[in-house]
Amino acid sequence: MSVAHMSEHEREEIETHEQRALGFWLYLMGDAVIFALLFATYAIMIPGTAGGPTGKQLFDLNNAALETVLLLVSSMTFGFASLQVKAGNRGAVLAWLAITFLLGTGFVFLEVREFAGMIAKGAGPDRSGFLSAFFTLVGTHGVHVTMGLIWIVVLGAQVAFKGLTMPVASRLNRLGLFWHFLDIAWIGIFSIVYLPGLL
Amino acid sequence: MEHPETGHGLRSYVIGFVLAVILSAVPFWLVYTHALPPQRTLLVIGIAAVLQVLVHLRFFLHINFTTTPRENVLALVFTGILLFIMVGGSFWIMFDLHSRMLL
């Protein structure tokens, strides 16, 4: 389909989607600022354990490694879904979205289990400044991933019922930006929280 | 659609994934094995993280300087500057405070 053959209406629609893509990109940049400041807060609070447990005593390297794998693979499977959107292959889009959803759910499950275990050990966010910063930073990321999972379900339903129309494809594109962005935030978390904490 | 996809294809995601796996595996492996002294390991973790962020931007988010709209690149660079000021400034103030309070 070349530009010359498009109707005025189609061209307008494409323009709207491009504007929305930019708007969503600006939102992500704002989100990046939030995460960066939470990272800075965390880094400053690392020594503030108030006599409580340190990261070394609390963090589990295997758990962090597994979470990293789940999120990274889910980023790739979402990429495969995006490719199938371009190919117009509805069934394959749904299949890759489902796989991405399962991987993301696995990630959230591991994180919730980690949090629950820490709180059960008396190392909840109220124990020390260090733990407040930890739960705020990692929890904010976890909430983002959870929102992403809900979004995947909503768009999966739209793909199933409405098909790969231009608005649905455009929404999937923005969800893709969001999902890949969360994986980038996770790089920061394992590189600043877990790995240095367990060194 | 228009011209053939430049770097948006399957290859892009697979290359990005392989690079990301390597850049994650190296720092994790160093922490697992304690193969290097802590200072060096920290350095490697930092470098691998920066490289991996760039890999993700390039291969997953497809940011480049030719097809990405200029506004998006501009917003990204502006965010980078903001982060430098805010995060750098926070560290400056807090560590200065730390040494003045003789903590």
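Everything numeric here is computed off the predicted structure, so don't read it as measured data.

What counts, and at which threshold
- Residues numbered from 1 in each chain as written.
- Chains lettered and ligands numbered in written order.
- Predicted model: local features only at pLDDT ≥ 70, side-chain atom pairs only at ≥ 80, totals over all residues.
- Helix = DSSP H or I, 4+ residues; strand = E, 2+ residues; numbered from the N terminus.
- Buried ≥ 20, exposed ≤ 12 C-beta atoms within 10 Å, placed from the backbone.
- Contact = placed C-beta atoms within 7 Å.
- Rg over C-alpha atoms; globule rule 2.2 N^0.38 Å.
- Expected span 1.5 Å × (residues − 1).
- Core = buried A, V, L, I, M, F, W, Y, C linked by C-beta atoms within 7 Å.
- Nonpolar A, V, L, I, M, F, W, Y, C, P; charged D, E, K, R; others polar.
- Domains from an automatic or database assignment.
- Axes fitted to C-alpha atoms, helices over the stretch in contact; angles between N-to-C directions.
- Parallel < 35°, antiparallel > 145°, perpendicular 65-115°, else oblique.
- Left-handed = near helix turned anticlockwise from the far one by under 90°.

Considerations on the overall build of chain A
In terms of helices and strands, chain A carries six helices and zero strands. Along chain A, helices and strands appear, N-terminal first, in the series α-α-α-α-α-α. Summarising its shape, the C-alpha atoms of chain A cover approximately 70 × 30 × 25 Å along the three principal directions. Of all 199 residues assigned to chain A, the portion counted as buried reaches 36%. A separation threshold of at least 6 residues defines the contact pool for chain A, and within that pool the share at least 24 residues apart is 82%.

Focus: the overall build of chain B
When you go through chain B residue by residue, the secondary structure sums to three helices and zero strands. In sequence order, chain B lays out its α and β elements as α-α-α. Against the 2.2 N^0.38 benchmark of 13 Å for 103 residues, chain B shows a C-alpha radius of gyration of 19 Å, more extended than a compact globule. Residue burial in chain B is summarised as follows: out of 103 residues, 19% are buried. Intrachain contacts of chain B at a sequence separation of at least 6 include 57% that bridge at least 24 residues.

A word on the environment of A:G188
The topology assignment puts A:G188 in helix α6 (residues 166-197). Separated by 152 residues in the primary sequence, A:G188 and A:A36 place their C-alpha atoms 8.9 Å from one another. When near neighbours in sequence (up to four residues on either side) are disregarded, A:G188 contacts A:F35, A:F39 and B:A49.

Considering the environment of A:G122
Residues and elements named next belong to chain A. Mapped onto the fold, G122 is located in the loop between α4 (90-120) and α5 (129-162). Judged by the 10 C-beta atoms lying within 10 Å of it, G122 falls in the exposed class. In the structure, G122 is positioned 77 residues away from M45 in sequence and 18 Å away in space, judged by C-alpha atoms.

What to know about helix α1 (residues 8-45) of chain A
Spanning 38 residues, α1(A) covers 56 Å between terminal C-alpha atoms, matching the ideal 56 Å at 1.5 Å per step. Along α1(A), the residues that are buried comprise A:W25, A:L28, A:A32, A:F35, A:A36, A:L38, A:F39, A:A40 and A:Y42. Those residues of α1(A) that are buried are in contact with α5 and α6 of chain A together with α3 (70-100) of chain B.

Concerning unusual backbone geometry
Look at A:A50: it is not a glycine, yet its phi comes out positive at around 50°. Turning to its location among the elements, A:A50 is positioned in the loop between α1 and α2 (55-58). For A:A50, a count of 9 C-beta atoms within 10 Å gives the class exposed. Unusually for a residue other than glycine, B:H34 sits at a positive phi of about 55°.

Concerning α4(A)
Residues and elements named next belong to chain A. When the terminal C-alpha atoms of α4 are compared, their 44 Å separation across 31 residues agrees well with the 45 Å that a helix rising 1.5 Å per residue should span. Inspection of α4 places V93, W96, L97, T100, F101, L103, G104, F107 and E111 among the buried residues, and these make up the whole buried set. Its buried side turned inward, α4 meets α3 (61-87) and α5. Downstream of α4 by a residue or two, G122 has a phi angle that is positive, lying close to 80°.

Details of the nonpolar core
Ranked by size, the top nonpolar core spans 63 residues in total, and within it A:F134, A:L137, A:I189, A:F190 and A:V193 carry the most contacts. Elements with a minimum of two residues in this core: α1, α3, α4, α5 and α6 of chain A together with α1 (10-33) and α2 (38-60) of chain B. The element best represented in this core is α6(A), accounting for 14 residues. Apart from the residues within four sequence positions on either side, A:V193 is in contact with A:Y42, A:F134, A:L137 and A:V138.

Quick word on the interface of chain A and chain B
Residue-level contacts link 31 residues of chain A with 35 residues of chain B. Among the secondary structure elements, those contributing two or more residues to the side of chain A that touches chain B are α1, α3 and α6 of chain A. By residue number, the principal contributor to the side of chain A that touches chain B is α1(A), which donates ten residues. Each residue belonging to the side of chain A that touches chain B can be placed in one class, and the counts come to 24 nonpolar, six polar and one charged.

Structural notes on the domain arrangement of chain B
Assigned domains within chain B: domain 1 (1-68) and domain 2 (69-103). Using only C-alpha atoms to locate each centre, domain 1 of chain B and domain 2 of chain B end up separated by 23 Å.

Digging into the packing of α1(A) against α5(A)
Residue and element names in this part refer to chain A. Relative to each other, α1 and α5 sit at 155°, their axes nearing to 9 Å. As far as their axial angle goes, α5 and α1 are roughly antiparallel. Classified by chirality, the crossing of α5 by α1 is left-handed. Within the contact between the two elements, α1 uses L38, F39, T41, Y42 and M45 and α5 uses G129, F130, A133, F134, T136, L137 and T140. Across the contact of α1 with α5, the residue classes break down as eight nonpolar, four polar and no charged.

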